[in-house]
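# Structure assessment
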Amino acid sequence: MATIKDRASVPAGSGLNDDIGEAKRLELYRTQVVLREAEQRAYDLFLQNLVKGTSHLSLGQEAVAAGFAGAMQKGDLSFCTYRGHAHTLARGVPVEKVLGELMQRDNGLMRGKGGSMHLTSVEHGVMGSYAIIGAHLPIACGAAWRAQYKGAKDVSVCFFGDGTTNIGAFHEALNFAAVWKLPVIFVCENNLYMEYTPISEVTAVEHPAADRAASYGLERIVVDGNDADAVYRIAQTAFTKARAGKGPSLIECMTYRHSGHSRADPAKYRPEGELERWKLRDPIKIYRERLLQFGVAETVIKGIDNEVRKIVDDATEACKAAPNPPFDIITTDVYADGGWAWRN
Amino acid sequence: MAELTYRDAVIRGIAQEMTRDPDVVFLGEDVAKAGGVFKATVGLYEQFGPLRVRDTPISEQAIMGAAMGAAMTGLKPIAEIMFSDFFAVCFDYIANEFPKSRYMSNGQVKCPLVIRTGNGAGSRFGAQHSQSVENWCMMIPGLKVVAPSSPVDVIGLLAAAVRDPDPVIFCEHKSLYATKGEVPDGEIVDQLGTAKILRPGKDATIVALALMVPRALEAAEKLKAEHGIDCEIIDVRSLVPLDTQTILGSVAKTHRLFSVEENPRLCGWGAEIVSIVADEAFYDLDGPPVRITTPHIPLPAADILEDVVLPTPGRIVDTVRRSLGS
Ligand SMILES: Cc1ncc(C[n+]2csc(CCOP(=O)(O)OP(=O)(O)O)c2C)c(N)n1
Ligand SMILES: [Mg+2]
């Protein structure tokens, strides 16, 4: 079992009221539990044939989403991938809205028009989830360019996987952001696999994101992506840099997905024991242990667990009871006039 | 009133909109300090400064993505893709990103941007720098697609495109940059989705776009003078939205339809217009609709070869004359 001593990023002797502090720690824990419970529920609902289409879970990767969301301010923008439920929930989007979209009900975030791969909630700063590998890195640059042009202080954060570092848009965006000194943070969640192929088999460097940073004049940053504190701290550094007008950061977070790539994937390609080893370093387990070591009462932790479980249970019931989307939305919002007319 | 080249009309159109709205910004390769490879953006950098007129790396995906991210969050970007053939290296944005973000987000995300591009043949550049690609864009729900044929339309339609809340692909024809036309003084704002009848006629309707418009007009003069055939010439101008009413109204009057398309034959925009007319005005027709297109080939580079594959006034005259049996 992992202990606090394993976590090199926590300074020895630091207590609950160190640089992170109790309130933020409880928030980071709660966020991770929300992601875990909601995604575990999504998986269960899939087995009941209630989640339609596809879904890509971030089970095991919660610390990255929680750590970054915890460091964001209102107005900061998230750009996610198809594996975006966690990042969407971490910005405070209600569980019911996310599960509703996965279940393709009328109460879903986009009323079933987007689906699990395209979660978007502009009011929460979630500027979309993109399912074409790499597409959103340049888009995040554009949002950051707007902030720079307008003198706004918000930062755009773009999450993507290890496999994404081998597509052209990654390299175009990194160079573009560096040359224009844009307030954007690129976050690579290195979960060791693309869909089914290990990233190491198809990449010329060991760290697919960090080892490319030098090409764009950026610092090489690799962080323990299963430790929400470590992620939170590095995120804060990157936000401070971006807000100060000092340009982009590229951060590679080492993590692991507990589930398959998508709902249909049994993940048979993993070497024996790999999943079990990573589960010993389950981000939620690590964090729960840390809270206990810092003296947080077991009842407080249980209280959070129960509160979140109830939210997810209630959301599940609400989604099951929700109607299907109506047919009249099929042709809405193709164009800005609200409709779909392409001719007179 | 002043005589202006199509190229200078682009500059004036962009300047008009940048002057009006500080949220209009412009980016592309070699567009700022160098004034663009077609010299269609000369002086904008000097006039509007380095924050609003920006040179980019040779990164078409970054250009497109940056335009989209800026548009989603409140700016009104104009991006240049130097040659429209290069759409193929950033087609994800044209096909998957710009046109789908509003729909997929159930109306939460907007994408008010303009992509300007040098389109079309006539420069003897060969198969990768000469294509007419408006059809590539026309087939995608959520986009608007415009292709002006004259300086005044360049300004008016560019202004309409910048002010439009949807993503607009703005195809400038490379072989028209040096052509001239009368342009009124003051602000010019046109309307997307409107075709223009440039020459009224009673015997046949000819729909054309961009470089094919002056060729159709030239053919119409010959047809009238040499064969007594009176053609109505419609500049389609906007493929999406498409002004079908102007076309259907014209066919109801002339009873014949011809399209003149620079694109290779398959899936050209003219096919869509022919299909609409066949569906909705079949009994107005006195003969089969006829498409005059470039053959279904990559474009050859040599001048004499390129000249014979594009529809010419001569080919338009012959086709119309034969079809009308005179
Ligand atoms: C351009 C493109 N190519 C391929 C795919 C198919 N695809 C979907 S997810 C994926 C793997 C991506 O791996 P990674 O970037 O590591 O992200 P992860 O799924 O591990 O979060 C692939 C190849 C795609 N969606 N887009
Ligand atoms: Mg991966």
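This structure is a prediction, so every number in the text was calculated from the model and none was measured.

Take the overall build of chain A next. Counting its regular elements, chain A contains ten helices and six strands. On C-alpha atoms alone, chain A measures out to a radius of gyration of 20 Å, which is about the 20 Å that the 2.2 N^0.38 rule sets for 344 residues. C-alpha extents for chain A along the principal axes are approximately 70 × 50 × 40 Å. In chain A, which comprises 344 residues, the proportion classed as buried is 60%. Looking at chain A alone, contacts between residues at least 24 apart form 75% of all its contacts between residues at least 6 apart. Within the structure as shown, chain A displays about 13300 Å² of accessible surface, and the carbon and sulfur contribution to it stands at 54%.

Turning to the site of ligand 1, a few remarks are in order. All names here are of chain A. Around ligand 1, a shell composed of 15 residues is seen, among which Y82, R83, G163, T164 and E195 lie nearest. In this structure, Y193 approaches ligand 1 through a main-chain N or O atom, which is 3.1 Å from an oxygen atom. When ligand 1 is considered free in solution it has 580 Å² of accessible area, and contact with the protein chains removes 73% of it.

Turning our eyes to something else, we now look at helix α5 (residues 136–150) of chain A. Residues and elements named next belong to chain A. In a regular helix each residue adds 1.5 Å, so 15 residues correspond to 21 Å; α5 covers 21 Å between its end C-alpha atoms and thus fits that length. Extensive coverage of α5 is indicated by the burial of 13 of its 15 residues. Positive phi shows up at G151, right after α5, with a value of about 70°.

One pass over the full model with this rule turns up 18 aromatic pairs over all chains. An aromatic cluster of at least three residues, connected via ring pairs, comprises Y6, F38, F83, F86, F125 and Y177 of chain B. The ring of W342 of chain A carries the charged tip of R343 of chain A above its face, separated from the ring centre by 6.0 Å. Taking NZ or CZ as reference, R54 of chain B lies 3.6 Å from the ring centre of W180 of chain A, over its face.

Let's shift gears to the side chain of E172 of chain B. Residues and elements named next belong to chain B. Take E172: it is sitting in strand β7 (residues 168–173). Take E172: its relative accessible area is 0%, and that puts it in the buried class. A distance of 2.6 Å separates polar atoms of two side chains, one belonging to E172 and the other to Y177. Apart from the residues lying within four places of it in its own chain, the contact partners of E172 are Y6, V10, R116, T117, G118, N119 and Y177.

Another aspect to go through is the environment of G35 of chain B. Of note, G35 of chain B is situated in the loop between β2 (24–28) and α2 (44–48). Ignoring any residue separated from it by four or fewer positions in sequence, one finds G35 of chain B in contact with D30, A40, T41 and V42 of chain B.

Once that is clear, we can look at the domain arrangement of chain B. Residue and element names in this part refer to chain B. Along its sequence, chain B is carved into domain 1 (2–183) and domain 2 (196–323). Measuring from the centre of the C-alpha atoms in domain 1 to the corresponding centre in domain 2 gives 26 Å. Taken together, the contact between domain 1 and domain 2 spans 26 residues of the former and 26 residues of the latter. For domain 1, the biggest contributors to the area lost against domain 2 are R124, N135 and M138; these three give 29% of the whole. Summed over the shared surface of domain 1 and domain 2, the number is four salt bridges. The shortest N-O distance in the salt bridge between E306 and R124 comes to 2.7 Å. Linking domain 1 with domain 2 are 15 residue pairs in polar contact (both at pLDDT 80 or more), by the criterion used here. Elements that contribute at least two residues to the side of domain 1 that touches domain 2 include exactly α6 (134–138), β6 (144–146) and α7 (151–163). The class makeup of the residues in the side of domain 1 that touches domain 2 is eleven nonpolar, eleven polar and four charged.

Reading guide: rules and limits
- Numbers given to residues run from 1 along each chain, matching the order in which its sequence is written.
- Whichever chain is written first is A, and whichever ligand is written first is 1; the rest continue in order.
- Where totals are concerned, whole chains, interfaces and linings use all residues; where local detail is concerned, this predicted model gives features only for residues with pLDDT of at least 70, and gives and counts side-chain atom pairs only at 80 or more.
- Note that the side-chain values use all heavy atoms of the structure and ignore hydrogens as well as water.
- Only DSSP runs of H or I reaching four residues or more are called helices, and only runs of E reaching two or more are called strands; each is numbered from the N terminus.
- With the radius of gyration taken over C-alpha atoms, the globule rule is written as 2.2 Å times the number of residues to the power 0.38.
- Exposure classes here rest on a 1.4 Å probe applied to the protein chains alone. A residue is buried below 20% of its type maximum, exposed above 50%, and partly exposed in between.
- We call two residues in contact whenever any of their non-hydrogen atoms come within 4.5 Å of each other.
- Only the protein chains shown count as covering a residue, and every accessible area follows the Shrake-Rupley method with a 1.4 Å probe.
- It suffices for a single heavy atom of a residue to lie within 4 Å of a molecule or strand for the residue to be listed as near it.
- Here a polar contact is taken to be a pair of N or O atoms separated by no more than 3.5 Å, where protein atoms must pair a possible hydrogen donor with a possible acceptor and residues adjacent in sequence count only if both atoms sit in side chains.
- Each residue after the first adds 1.5 Å to the expected span of a helix.
- Centres within 6.5 Å are what make two rings of Phe, Tyr or Trp a pair, Trp counting through its six-membered ring; a difference in plane orientation under 30 degrees is then read as stacked, over 60 as edge-to-face, and the rest as tilted.
- Whether a charge lies above a ring is judged from NZ of Lys or CZ of Arg, which has to be within 6 Å of the ring centre and within 35 degrees of the ring normal.
- Boundary definitions for the domains trace back to an automatic or database domain assignment.
- By convention, the term buried area covers the 1.4 Å-probe accessible surface removed from two parts as they join, with the contributions of both added.
- For this document, the term salt bridge refers to a Lys or Arg side-chain nitrogen within 4 Å of an Asp or Glu carboxyl oxygen.
- Under the convention adopted here, Pro, Cys and the residues Ala, Val, Leu, Ile, Met, Phe, Trp and Tyr are nonpolar, Asp, Glu, Lys and Arg are charged, and Gly plus all remaining residues are polar.

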